[in-house]
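# Architecture at a glance
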Amino acid sequence: MIYDIVTIFPEFFRGPFEHGILRRAQEEGLIEIRLHDLRNYTTDKHRTVDDRPFGGGEGMVLKPEPLFTAVESLLSDQTMEKRARTAIVLLSAQGRWFHQSVAQTLAEQERVVLLCGRYEGVDERVAEHLATLELSIGDYVLSGGELAAAVVVDATTRLLPEALGDERSVVEESFTAHPEARISAGGILDCPHYTRPADFRGHQVPEVLLGGDHEEVRRWRREKALAKTRRNRPDLLARARLTKEERALLDKLDS
Ligand code: 9D3
């Protein structure tokens, strides 16, 4: 997978991709992250990337020409087949919500181009005639698309076969081939996890986890996952596809 990130702050990405799974995925050649300075695709001597909004108003708007020129230049050597497996993503506050199923779709591409918005916005012709997808990572105001692009690269790379290596436990793998599908496809939140010490400043690890009854542990984890989902994400619970056992556990929590 090749990621092309077009930004006015390429330096921004020096840190986030140099650790853990993303670092290893690059070292192993599974992914390549190419950073492109938008100003290199300007033609005037001031290397202008923004301009005032038509119709008036506050702030500046990213001009369309540098973004179009950048994408056309990056993809100029692509064959038609590869172009069909390329996503051109505009990160903007007005985008569709980025969630796990979008990451899944991007993970199936050969190439993902990420266009980072800045200032008050991006000329709408970029969303309409250049990008194949406009994404937001959530309902809060960021200063630009850079952090959002890093989030998209992280979530997408994790889904590439081989990316997780031995960070994904063998035990978990034996439960389902894609444990991560749970959060998107009618799923609920993960159960609580604990490690040593069993007593941390008087806060005890639940007794059931210290014993060896695997069936009891499994039931306890389901119950806690349901309880936590209901408390923190009732919206997920409303859409969740639950087993009979999970319905029964929920009813038990009510009583
Ligand atoms: C209401 C006027 N503006 C708020 C001060 C709108 C606005 C302009 C530019 C809001 C955000 C931005 C910059 N944000 C992004 O480029 C962005 C973003 C975001 O703000 N939230 C969630 N996802 C994303 S992806 C890109």
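Summary of the structure given here. Residue positions are given per chain, counted from 1 along the sequence in the order it is written. It should be noted that, the model being predicted, local features are given only for residues of pLDDT at least 70 and side-chain atom pairs only at 80 or more, the latter also being counted only at that level, while totals for whole chains, interfaces and linings use all residues. Hydrogens and water molecules were not included; the side-chain quantities draw on all heavy atoms of the structure.

A few words on the sheet that holds strand E4 (residues 61-62). By definition, the strands of a sheet pair up through backbone hydrogen bonds, in either a parallel or an antiparallel sense. At least two bridges found by DSSP between two strands are what make those strands a pair. Labels follow the DSSP assignment, with helices taken as runs of H or I lasting at least four residues and strands as runs of E lasting at least two, numbered in each case from the N terminus. Pairing is mixed in the open sheet, where 3 strands are placed in the order E3-E4-E7. Looking at the sheet topology across the chains shown, the edges are occupied by strand E3 (50-51) and strand E7 (121-122). Sheet topology note: the E4/E7 ladder contains 2 bridges and is parallel. Residue pairing in the sheet places Leu-62 in a bridge with Val-122 of E7.

On to the pairing of strand E6 (residues 111-116), then. Summary of the burial criterion: residues with accessible area below 20% of their type's maximum are buried, those above 50% are exposed, and those between are partly exposed, where the area comes from a 1.4 Å probe applied to protein chains only. Of all the 6 residues making up E6, 6 are buried; the element is thus mostly covered by neighbouring parts of the structure. Where burial is concerned, the two faces of E6 agree: the one with Arg-111, Val-113 and Leu-115 and the one with Val-112, Leu-114 and Cys-116 are both buried. Two strands pair when backbone bridges link them, and strand E1 (residues 2-7) and E6 are joined in this way by 5 bridges, in the parallel orientation. Paired with Ile-5 across the strands is Leu-114, a residue of E6. Here 6 bridges tie strand E5 (residues 86-97) to E6, and the two strands are oriented parallel to one another. Residue pairing for E6: Thr-86 is matched across the bridge by Arg-111. By convention a crossover is right-handed if, when the strands point away from the viewer, the path from the first strand over the helix to the second runs clockwise. Between the parallel elements E5 and E6, the chain passes through helix H4 (residues 100-107) in a crossover that is right-handed.

What follows is about the site of the ligand. We call a residue near a molecule or strand as soon as one heavy atom of that residue lies within 4 Å of the molecule or strand. Inspection of the region around the ligand gives 15 residues, with Glu-120, Ile-137, Gly-138, Tyr-140 and Leu-142 positioned closest. Polar contact is the term for a pair of N or O atoms within 3.5 Å; when the atoms are in protein, one must be able to donate a hydrogen and the other to accept it, and sequence-neighboring residues count only if both atoms are side-chain atoms. Within the side chain of Ser-136, an N or O atom sits 3.4 Å from a nitrogen atom of the ligand. One of the backbone nitrogen or oxygen atoms of Tyr-140 is found 2.8 Å away from a nitrogen atom of the ligand. In the complex, the protein chains occlude 73% of the 570 Å² of accessible area that the ligand would expose alone. Think of a 1 Å grid over the protein atoms and nothing else: a 1.4 Å probe that fits but is trapped marks a cavity, an open set flanked by protein within 12 Å on at least five of seven lines marks a pocket, and residues with an atom within 4 Å of a point count as lining. Placement in a cavity or pocket follows one criterion, namely that more than half of the molecule's atoms lie within 2 Å of its grid points. More than half of the atoms belonging to the ligand lie within 2 Å of the grid points that define the second largest pocket. Elements supplying a minimum of two residues to the shell around the ligand: E5 and strand E8 (133-136). To be clear on the numbers: accessible area is Shrake-Rupley with a 1.4 Å probe, and residue cover counts the displayed protein chains and nothing else.

This paragraph deals with the layout of surface pockets. Its boundaries defined by the atoms lining it, the second largest pocket holds a volume of some 450 Å³. Together, 26 residues line the second largest pocket, and Leu-91, Ser-92, Ala-93, Gln-94 and Leu-142 are the ones closest to its centre. Listed by contribution, the elements that provide at least two residues to the lining of the second largest pocket are E5, E7, helix H5 (124-129) and E8. Of the residues forming the lining of the second largest pocket, the biggest block, 5 residues, is contributed by E5. Grid points are joined across faces, edges and corners, and a volume is the space filled by probe spheres set on the points.

So, about the environment of Asp-50. Tracing the sequence through the fold places Asp-50 in strand E3. C-alpha of Asp-50 to C-alpha of Ala-87: the two residues are 37 residues apart in sequence and 24 Å apart in space.

Quick look at the side chain of Ser-92 now. The residue Ser-92 is located in strand E5 in this model. With a relative accessible area of 14%, Ser-92 lands in the buried category. At a separation of 2.6 Å, a polar atom in the side chain of Ser-92 contacts the side chain of Glu-134. Beyond its immediate stretch of four places on either side in the chain, Ser-92 contacts Glu-134, Leu-135 and Ser-136. Residue contacts follow a heavy-atom distance rule, with two residues in contact if any of their heavy atoms lie within 4.5 Å.

This part takes up H4. Looking at H4, one finds that the buried residues are Gln-100, Val-102, Ala-103, Leu-106 and Ala-107. Here the buried residues of H4 occupy an arc of 155° about the axis, which is enough to place them on one side. On its buried face, H4 is in contact with E5, E6, E8 and helix H6 (146-157). The arc in question is formed by the directions pointing from the helix axis toward the C-beta atoms.

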